[in-house]
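These are the residues of each chain, in order.
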Amino acid sequence: MPADFEDFARAATRRRSDTVAQTPPLSRVAVLGGGADARLIAALSLAAGCDVTLFSAYGRELELMRASSGIALRDAGPIGSYHVDRGASSIVLTAELDAAVQDAEVVFLTGPIHKQRTYAMVLADHLSDGQILVLAPARSLGAVEAAWMLRLGGCTADVTLVEAQGLPFWYRAEGATLHLSEAGAMAAATLPQGRGDAIGRLQSILPNLEARESVLASGFFDLSAAVEIPALVMGGAGLASGGVSVPMGGTPLPENKTFAALIGADQMRLIETLADERRAVARAFGVRGLPETGHWIAAFAGATRGEGARPIPDRDTARAMLRDGVIGSLVPLASAAELTDVDVPQTRALMAIAGAILDADVAASGRRLDTMGITARNLDDARRTFDALTAGGR
């Protein structure tokens, strides 16, 4: 294992006392970001009885929330209106990062991956021992990348990173209103390993978190891009479409316009191949027990219609999903595969297709192991590095 990463692993995984008698409930939450996901987390945190501060560096995001008087949740979850900047029992908005995180027990890093990276870097000087940093959705190895960015920024605080693969609700934003439908269980793990109390505390806000033994395991659970990209870009007459057949001249009912309805038989076969590639690389790294493909599709595509259905995103959101899917899900798998005897041609093909659609080499900025300090030369080196990183200093 390279000496610099060994030092990083030892510092990042200092063990705290395991003799905590009782885990107190969360009371102070900071949410970084002003997008729909950040607003949802802020409202869920307030509904759970926490004091909530939401930070955004963009004045327009803050002003839009103030102008609408808050965040409205409809259709599912803790339905209601959640006020901002109205004193007690409201979400406090701020453009001051240090003020937002100073006394927070939990800090949520939201938005696309490039924003999560920025937050991790700039947070390095503002964190304190015992704080919990949550990435949701983290995609693959988000906690490892965040730990590396904190280390580059000079962070010395003993914090717990939580990598969560999704939120408890799918959402559709309509102005200040978020229309929700319930999502299924999502894998989560802590860095360092063995701090499951952090996930237990978060379940008052994110009740669908399902603890995994390590961030390596939760990272391999992430089939998000393999489900999303075929659904979003591979339609038309050449492929069998999903959903309910509509007679010529007919109009699909609104309840049939869902994300899962984009997945037909041909998309399903491609997703199954991509899932097999992920399982094969996971086995090489010693990770077993990944879900059946149908369970994976249900987790990341939602229900076909009705309760639990995932909305179809608009074009801008879809293209952001393509970028994050390549950067945070496909590239980590392809990078890990390079250290094994496993070939992942379909994963690489999907990366190329998404890059061509976006007209950018998005894979170049992906989460490669070597860009996160894991400069292993072979699979055994990589395993030892991950063991050191996740084992809590053992």
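Residues numbered from 1 in each chain as written. Predicted model: local features only at pLDDT ≥ 70, side-chain atom pairs only at ≥ 80, totals over all residues. Heavy atoms only, no water.

Some remarks on the overall build of the protein chain
Condition: Put simply, DSSP H or I for four residues or longer makes a helix, DSSP E for two residues or longer makes a strand, and each gets a number counted from the N terminus. Throughout, exposure labels follow a simple rule: accessible area from a 1.4 Å probe, protein chains only, divided by the maximum for the residue type, with under 20% read as buried, over 50% as exposed, and the rest as partly exposed. Throughout, a residue-residue contact means that at least one pair of heavy atoms, one from each residue, lies within 4.5 Å.
Scanning the protein chain from terminus to terminus reveals 14 helices and 12 strands. With 394 residues in all, the protein chain has 54% of them scored as buried. Considering only intrachain contacts with a sequence separation of at least 6, the fraction spanning at least 24 residues in the protein chain is 76%.

Brief notes about the pattern of salt bridges
Going by this rule: By convention in these notes, a salt bridge is any Lys or Arg side-chain nitrogen within 4 Å of a carboxyl oxygen on Asp or Glu.
In total, this model carries 17 salt bridges according to the counting rule given. Between Asp85 and Arg66 there is a salt bridge, with its nearest N and O atoms 2.8 Å apart. Here Arg66 lies in helix H3 (residues 59-67) and Asp85 lies in the loop between strand E4 (80-83) and strand E5 (92-94), a separation of 19 residues in the sequence. Judged by its relative accessible area of 34%, Arg66 is partly exposed. For Arg384, the salt bridge goes to Asp381, with nearest N and O atoms at 2.6 Å. In this pair, Arg384 and Asp381 both sit in helix H14 (residues 379-390), 3 residues apart, roughly one turn of the helix. Judged by its relative accessible area of 44%, Arg384 falls in the partly exposed class. For Asp381, a relative accessible area of 11% translates into the label buried. Each of Glu338, Arg348, Arg368 and Asp370 takes part in salt bridges that share partners, so that together they form one network.

Considering the sheet that holds strand E11 (residues 186-191)
Operational definition: Any two strands with at least two DSSP bridges between them are considered paired. Axis angles are defined between N-to-C directions and span 0 to 180 degrees, where every axis is a line fitted to C-alpha atoms and, for a helix, only to the segment in contact.
Judged by pairing direction, the sheet is mixed, and its 8 strands sit side by side in the order E5-E2-E1-E6-E7-E8-E11-E12 without closing on themselves. Across the chains shown, the open sheet's two edge strands, defined by having one partner strand only, are E5 and strand E12 (209-211). The average angle at which neighbouring strand axes cross in this sheet is 25°, direction not considered. Of the pairings in the sheet, the one linking strand E7 (residues 132-135) to strand E8 (residues 160-164) comprises 4 bridges and is parallel in character. Following the sheet pairing, Val134 is matched in E8 by Val162. Sheet strands in contact with helix H2 (residues 36-47) are strand E1 (28-32), strand E2 (51-55) and strand E6 (106-109), and its direction is about 165° off that of E2. The strands touched by helix H5 (residues 113-123) within the sheet are E1, E2, E6 and E7, with E6 carrying the most contacts at an inclination of about 140°.

Structural notes on the pairing of strand E10 (residues 177-182)
Put simply, side chains in a regular strand alternate between the two faces of the sheet. Burial analysis of E10 places 5 of its 6 residues in the buried class, the great majority of the element. Here 3 bridges tie strand E3 (residues 70-74) to E10, and the two strands are oriented parallel to one another. Paired with Ala72 across the strands is Thr177, a residue of E10. Sheet topology note: the strand E9 (residues 169-174)/E10 ladder contains 6 bridges and is antiparallel. In the sheet register, Arg172 faces E10, and the bridge partner there is His179. The turn linking E9 back onto E10 is made up of 2 residues, and Gly175 within it adopts a positive phi angle of 65°.

Some thoughts on the packing of helix H9 (residues 224-233) against helix H10 (residues 265-284)
As a reminder, the rule being used: Relative orientations are named as follows: roughly parallel for angles under 35 degrees, roughly antiparallel for angles over 145 degrees, roughly perpendicular for angles from 65 to 115 degrees, and oblique for any other angle. In a left-handed crossing the near helix is turned counterclockwise from the far helix by less than a right angle, and in a right-handed crossing that turn is clockwise. Classification convention: Asp, Glu, Lys, Arg as charged; Ala, Val, Leu, Ile, Met, Phe, Trp, Tyr, Cys, Pro as nonpolar; all other residues, Gly among them, as polar.
Viewed as axis vectors pointing N to C, H9 and H10 meet at an angle of 155°, and their least axial separation amounts to 9 Å. One way to sum up the angle between H9 and H10 is to call them roughly antiparallel. Considering how the two elements wind past one another, H9 and H10 form a crossing that is right-handed. Within the contact between the two elements, H9 uses Ala226, Val227 and Pro230 and H10 uses Gln267, Leu270, Ile271 and Leu274. Class assignment for the residues of the contact of H9 with H10 results in 6 nonpolar, 1 polar and no charged.

Observations regarding unusual backbone geometry
Leave glycine aside and you will find that most residues have negative phi; peptide bonds, for their part, are mostly trans. At the junction of Ala136 and Pro137, the peptide bond is cis and its omega measures out at 0° in the coordinates. Here Pro137 shows up in the loop between E7 and helix H6 (142-152). For Asp75, which is not glycine, the phi dihedral falls at a positive 80°. Residue position: Asp75 is located in the loop between E3 and E4.

Describing the side chain of Glu228
Tracing the chain through its elements places Glu228 in helix H9. When its relative accessible area of 4% is taken as the criterion, Glu228 is described as buried. Residues contacting Glu228, with those up to four places away along its chain left out, are Arg139, Phe259, Arg310 and Met321.

Quick word on H5
What counts, and what does not: Directions from the helix axis toward the C-beta atoms define the arc.
Every buried residue of H5 is accounted for by Ile113, Gln116, Arg117, Tyr119, Ala120 and Leu123. For H5, the arc enclosing every buried residue in end-on projection is 165°, short of the 170-degree limit, so these residues lie on one face.

A short note on the pairing of E3
For E3, the buried fraction is high: 4 of the 5 residues fall into the buried class. Connecting E3 to the next strand, E4, in antiparallel fashion are 5 residues, including Asp75 with a positive phi near 80°.

Some words on the sheet that holds E3
Strand pairing within a sheet occurs via backbone hydrogen bonds; the two strands may be parallel or antiparallel. Read from one edge to the other, the open sheet built from 4 strands follows the order E4-E3-E10-E9, with strand pairing classed as mixed. Taken across any chain shown, the strands that pair with only one partner, and hence form the sheet edges, are E4 and E9. Neighbouring strand axes in the sheet, compared pairwise and without regard to direction, differ in orientation by 25° on average. In the sheet, E3 pairs with E4 via 4 bridges, with the strands oriented antiparallel. Counted as the bridge partner of Leu73 is Gly80 from E4. Contacting E3, E4, E9 and E10, H2 crosses the sheet at an angle of about 115° to E9.

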